[in-house]
Amino acid sequence: MDNITKKVEEEIKKGYIGSNHECPYHPSHFTGQDCTFCYCPFYPCNDNQLGQMIISRREKEIWACTYCLFIHRPEVAKFIMSEINRLGITTSKDPRMQDIFLETKKRFFHIGKALMILGATSDAGKSITVAAICRLLHRRGYLVSPFKSQNMSLNSKVTAKGSEIAMIQVLQSKAAGLKNPDHHMNPILLKPKGDTVSQVMVEGEPFGDYNVEDYYNKFVPGPGKEIVRKNIDFLKERYDVVVMEGAGSPAEINIYDQDIANMRAAEIADANCILVVNTEWGGSFAYAVGTVELIPEIDRKRIKGIILNNIRGDPKKIEDGARLLESIIGIPVIGIIPHIKLDLPSEDSEAFRGMHTKGNGKIIVSVIKFPRIANFTDLDPLFMEDTTVKFISNPEELKGSDVIILPGTKNTIDDLLWMRANGLETAISELKGKIPILGICGGYQMMGKYLKDPAGIEGKVPQTLEGMGFFDNITEWNEYKKKVIQDNGIMIETGEPITGYEIHMGLSTIVEKPLFEIDRYSSKENEGSVREKDLTFGTYLHGVFDKPAFRKYFLSFVKHDGKYVEIKNPRDYDELLEDNINILADGFEKGLNIEKIIDIAGVKR
Amino acid sequence: MKIIFIGTSSGAGKTTISALYCRYLYRKGIKVTPFKASNLSLNSYVTKNGKEIGMGQAFQAWASNIEPTEDMNPVLLKPSGNNTIQLILRGEPFMDISEQNPIDTKMVMEKVCESFDRLSKEYDAVVCEGSGSPVELNLMDRDLANLRMLRERSIPAILIGDIERGGVFAAIYGTWRLIPDKQKHLLKGFIINRFRGDSSILKSGIEKIEKLTGMKCLGVMPYLNLKFPEEDSMSDIGGELKGSDVRSAFMNNLDCLIEAATENGLDLDHINMIAKN
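Residues numbered from 1 in each chain as written. Chains lettered and ligands numbered in written order. Predicted model: local features only at pLDDT ≥ 70, side-chain atom pairs only at ≥ 80, totals over all residues.

For the rest of this paragraph, the subject is the overall build of chain B. A count of helical and extended segments in chain B gives nine helices and 12 strands. The C-alpha atoms of chain B give 18 Å as radius of gyration, which agrees with the globular expectation for 277 residues (19 Å, within 12%). Taken along the three principal axes of its C-alpha coordinates, chain B extends 50 × 45 × 35 Å. When the 277 residues of chain B are sorted by exposure, 52% land in the buried category. (Helix = DSSP H or I, 4+ residues; strand = E, 2+ residues; numbered from the N terminus. Rg over C-alpha atoms; globule rule 2.2 N^0.38 Å. Buried ≥ 20, exposed ≤ 12 C-beta atoms within 10 Å, placed from the backbone.)

As structure tokens, this is what we get:
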């Protein structure tokens, strides 16, 4: 506490500084933040619309400001510093600080508005529309957050607090210029375990397994609605605009009342809505009319605009149709968006169906398409290099591979047994030492000596299995617990920075030469395994290819047609994403009336 | 007998379901032929007498146990780049369509109807397939395969909606809603295609659509991982049948599909009734 007081005194002495680009952590919250008060002069404000009381690591109650962005709004910092100067205040202990706090809050604090993007179908382009609108509003100086109440996805990421949320909300928060996506942005995450059962994650933590029926009949009317309300309210207190994403179609009239991802969420958030229709498959006018008219009138009134998305060919050709559509449903078409070529990860497993190869580079990367494959966006950065990534599921398809990757899986034991049964395990073992083989997460666990599941946590029946034997590591499932953590560190071989995140059940005893050194709270920890002479590599880190370091190192072992491949200065995947978000936003800006969006959202221009 | 299967979007499953119905009628001993007024596709088949038609109709003809002919697909539009489309009329290259050189819809439609009438005389049943969505508001006056066929030959129609991407109720209702009132009475029923899981969850939605539109739900088709030739240029599913035994593999697939569909409640008797009227 005294420490904070001292820091604030220094800040007051320094005066207004605005953005601090000198600081190595800048921007720690969002692009364009004001750093005048790195330490808050009002701490602890005890205002629940800004911070919250939490239990600390030492089990003491402390006031936490983790999610508060108020002090970093440029207009807020400017006003506070001018008041401090006007009154000649030198320390945060000055009783007049309380008056300044109340006055600042009165002037600048407001509950934000929510805007909801609905899609007529899955893959309508909701996710990228949310990302585009987040970026366009961010460019205009609004503090924006993405939100999706309920997301079904196999691709998740880990927040700084160790919560698991859908990968796409992390991408959208990047589009909004935010540095710390958190679990409020995707409070319910469904991870499919089979055709009908999903693991339900609530606020980033495992909540339970549900089948479709129980999910809609028990979870949704029970905790579901309250979870949505709590989190949307939380975000509205902290952001100017919350851009919400619907799920699937909002007009599934057979489950309409139980659907908390669309119109119920819009109602809870009091959000106006925009409907996005993908024109690529045809029938878009029918989808638009049908969606709008099947939604009961009380909810329909929220739909204020239509976006016709992904138009191939001349967008002008669709304009007559758009005018006719407006006259039929009485809702304006506010965007006619051309097809935009992007290198962004796709929303979810829907887009994965039917996909067999990606890219057309020289290096043939064979990724084992486990029946329960997970976090396959790990591989996306490989497309930046000269690769063709093939998703394969039988031994014959291994022919011609330059690299094999065993990716993450929802169930290590079941998928290892699947490989054992269909001959892939033997075929891969025969290639050991000949071409590089990398296991990530579940794939890494499989590469070990033993997989011990004495309580049947992973494999439903108690068993000890032999692994593929590429490493002498042993993985054990001793309790129903998930390790979820962000990792930052270095690659031991080169000292270059590396980032990633872990999401796994089961813990491994590692006896091999490690790949990485990870920074922990007060120590360092080795991670990964490598046997260079066997060309075998393994890591728990998802996102291991994002930073150039490991991509460059790993691909340096790869031969194509007998020659080592050359990797020239690989780029950081984050930079590529940033470029693509800008391309996306520029593309949308051409076909979209953003002023209209701002009006529909209901915020001040 | 005559019937037309119309999709709510590209790739809704029209080609497959038309083939399935052809096969079903053939197995019942009915002399059946496929027909699709107009195809937009690069994937074509050359008939024994050297005429070019859409691949889908060739497969449907084989499903009907007959040889494909040019009457089964009188208009084939092949995109040839540079904003031009080659018009193949009754199996022969006829012209290059461009903005400067538009198609004479009236003349082409007469040829289409001639083909349809010839098939109607020769066969006991004509199973027609629509093209794309019938209600593209910006294209409706140029559409040959859907509304114009309904108008010219009063063919009873069944809508096919694809549930895989969601929004199937909106697609079916929206399509019905945008069909001109004069043709609405021809829309007799709908089929929900590519469903995964227990279809009883759809019941209340289906009942509502039946009530709103007067169309009858004729079945929920299961999602089946069967490979079919994709004739539609816009489809992203991709046909995967290769090699010499394509035809027999396709027939086997169709036979399996007929069984799976009937098990899942596809009401073929009701479809027969619609086709007979």
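Moving on from the coordinates now.
Let us now look at the overall build of chain A. When helices and strands are counted, chain A shows 16 helices and 33 strands. Taking 25 Å as the expected radius of gyration for a compact globule of 605 residues, we find that chain A reaches 26 Å, a close match to that expectation. Along the first, second and third principal axes, the C-alpha atoms of chain A reach 75 × 65 × 50 Å. Here chain A holds 605 residues, and the buried ones make up 50% of them.

Next up on the list: helix 11 (residues 412-422) of chain A. Residue and element names in this part refer to chain A. Within helix 11 the residues assigned to the buried category are Thr-412, Ile-413, Asp-415, Leu-416 and Met-419. Of the surrounding secondary structure, the elements contacted by the buried residues of helix 11 are strand 20 (408-409), helix 12 (424-430), helix 13 (442-446), strand 22 (450-453) and strand 23 (463-466). Once helix 11 finishes, Gly-423 follows within two positions and takes phi at roughly 90 degrees, a positive value. (Contact = placed C-beta atoms within 7 Å.)

Within the largest apolar cluster, 230 residues are counted, with the highest numbers of intra-cluster contacts made by Val-242, Val-243, Met-244, Leu-275 and Ala-288 of chain A together with Ile-3 and Ile-158 of chain B. Split by domain, this core shows at least three residues from each of two domains, domain 2 (113-148 + 169-178 + 225-345 + 580-601) and domain 3 (363-564) of chain A. Non-local contacts of Ala-288 of chain A, meaning those with residues more than four positions away in its chain, are made with Ala-120, Leu-275, Val-277, Ile-306 and Leu-325 of chain A together with Gly-174 of chain B. Core analysis: the next-biggest nonpolar cluster, separate from the first, contains 17 residues, Phe-37, Val-76, Met-81 and Met-97 of chain A among them. (Core = buried A, V, L, I, M, F, W, Y, C linked by C-beta atoms within 7 Å. Domains from an automatic or database assignment.)

Before going further, it helps to examine the packing of helix 4 (residues 126-139) of chain A against helix 15 (residues 573-591) of chain A. Residues and elements named next belong to chain A. Between helix 4 and helix 15, the least distance of the axes is 9 Å, while the angle of their chain directions is 90 degrees. Judged on the interaxial angle alone, helix 15 and helix 4 are roughly perpendicular. Across the interface between the two elements, Ile-128, Ala-131, Ala-132, Arg-135 and Leu-136 from helix 4 touch Ile-581, Leu-584, Ala-585, Phe-588 and Glu-589 from helix 15. Taken together, the residues of the contact of helix 4 with helix 15 sort by class into eight nonpolar, no polar and two charged. (Axes fitted to C-alpha atoms, helices over the stretch in contact; angles between N-to-C directions. Parallel < 35°, antiparallel > 145°, perpendicular 65-115°, else oblique. Nonpolar A, V, L, I, M, F, W, Y, C, P; charged D, E, K, R; others polar.)

Let us now look at the domain arrangement of chain A. You'll often see interface size given as the accessible area lost when the parts meet. The domain architecture assigned to chain A consists of domain 1 (2-108), domain 2 (113-148 + 169-178 + 225-345 + 580-601) and domain 3 (363-564). Measuring from the centre of the C-alpha atoms in domain 1 of chain A to the corresponding centre in domain 3 of chain A gives 44 Å.

Moving on: the packing of helix 1 (residues 14-27) of chain B against helix 8 (residues 246-263) of chain B. All names here are of chain B. Where helix 1 meets helix 8, the closest approach of the two axes is 10 Å, and the angle between their N-to-C directions is 90 degrees. The orientation of helix 1 with respect to helix 8, classified from their angle, is roughly perpendicular. Of the residues in helix 8, those touching helix 1 at Ala-19, Leu-20, Arg-23 and Tyr-24 are Leu-254, Leu-257, Ile-258 and Ala-261. Of the residues contributing to the contact of helix 1 with helix 8, the split by class is seven nonpolar, no polar and one charged.

A few words on the interface of chain A and chain B. Between chain A and chain B, the residue contacts involve 32 residues of the former and 33 residues of the latter. Secondary-structure elements contributing two or more residues to the side of chain A that touches chain B are helix 8 (284-294) and helix 10 (319-329) of chain A. Per element, the largest residue contribution to the side of chain A that touches chain B is nine residues, and it comes from helix 8 of chain A. Its residues assigned to classes, the side of chain A that touches chain B comprises 14 nonpolar, 12 polar and six charged.

Residue and element names in this part refer to chain B. Pairing is parallel across the open sheet formed by six strands, whose spatial order is 2-9-1-10-11-12. Two strands lie at the open edges of the sheet, namely strand 2 (32-35) and strand 12 (216-222), each paired on one side alone. Strand after strand, the sheet turns through a mean of 20 degrees between neighbouring axes, direction not considered. (Pairing = 2+ DSSP bridges.)

With that settled, the discussion passes to the sheet that holds strand 21 (residues 437-440) of chain A. Residue and element names in this part refer to chain A. The strand order across the open sheet formed by seven strands is 15-18-16-19-21-31-30, and the pairing between neighbours is mixed. Only two strands of the sheet have a single partner each, and these edge strands are strand 15 (357-358) and strand 30 (529-531). In this structure, strand 15 lies alongside strand 18 (residues 387-392), joined through two bridges in antiparallel fashion. When the bridges of strand 18 are listed, Thr-357 appears paired with Lys-390.

On to the confidence of the model for chain B, then. Averaged over all residues, the pLDDT of chain B equals 90, while 92% of them reach at least 70. The complex prediction reports pTM at 0.91, with the ipTM value standing at 0.92. (pLDDT = per-residue confidence, 0-100.)

This part is about the environment of Ile-274 of chain B. Examined against the element boundaries, Ile-274 of chain B turns out to sit in helix 9 (residues 268-276). For Ile-274 of chain B, the residues in contact, after removing those within four places along its chain, are Ile-3, Pro-156, Ile-158, Lys-188 and Gly-189 of chain B.

Residues and elements named next belong to chain A. Here helix 15 contains 19 residues, and its C-alpha end-to-end distance of 28 Å stays within 8% of the 27 Å for a straight helix at 1.5 Å per residue. Restricting attention to buried positions, one finds in helix 15 the residues Tyr-573, Leu-577, Asn-580, Ile-581, Leu-584, Ala-585 and Phe-588. Along the axis of helix 15, the buried residues cluster in a sector spanning 140 degrees; they form a single face. Exposed residues on helix 15 whose side chains face more than 90 degrees from its buried face are Glu-575 and Lys-590. Here the buried face of helix 15 lies against helix 4, helix 5 (167-175) and strand 14 (333-338). (Expected span 1.5 Å × (residues − 1). Arc of directions from axis to C-beta.)

Take the pairing of strand 8 (residues 92-97) of chain B next. Residues and elements named next belong to chain B. In this structure, strand 7 (residues 85-89) lies alongside strand 8, joined through five bridges in antiparallel fashion. Paired with Leu-87 across the bridge in strand 8 is Met-95. Between strand 7 and strand 8, which pair antiparallel one after the other, the connecting turn spans two residues, and Arg-90 there sits at a positive phi close to 45 degrees.

Right, let's get into unusual backbone geometry. Residues and elements named next belong to chain A. That bond from His-26 to Pro-27 is cis: its omega, -15 degrees, falls within 30 degrees of zero. As for its placement among the helices and strands, Pro-27 is situated in the loop between helix 1 (2-14) and strand 1 (52-55). Across the junction of Tyr-43 and Pro-44, the peptide omega takes the value -10 degrees, indicating a cis bond. Checked against the element boundaries, Pro-44 lands in the loop between helix 1 and strand 1. Positive phi values are uncommon outside glycine, yet Glu-203 reaches one of about 45 degrees. Residue position: Glu-203 is located in the loop between strand 9 (197-202) and strand 10 (205-211). The backbone of Leu-535 shows a phi angle near 60 degrees, a positive value even though the residue is not glycine. As for its position among the elements, Leu-535 is in the loop between strand 30 and strand 31 (536-539). On the basis of neighbour count, Leu-535 is assigned to the buried category, with 21 C-beta atoms found within 10 Å.

Residues and elements named next belong to chain A. With respect to the helices and strands, the residue Phe-588 is situated in helix 15. On the basis of neighbour counts, which here come to 24 C-beta atoms within 10 Å, the residue Phe-588 falls in the buried class. Sequence separation of Phe-588 and Lys-106 is 482 residues, and the distance between their C-alpha atoms is 36 Å. Once residues lying within four places of it in the same chain are set aside, the contact partners of Phe-588 are Ala-132, Leu-136 and Ile-337.

Residues and elements named next belong to chain B. Within the fold, Ile-85 resides in strand 7. Distance in space between the C-alpha atoms of Ile-85 and Ile-163 is 31 Å, their sequence separation being 78 residues. For Ile-85, the contacting residues outside a window of four places in its chain are Leu-77, Lys-78, Pro-79, Ser-80 and Ile-97.

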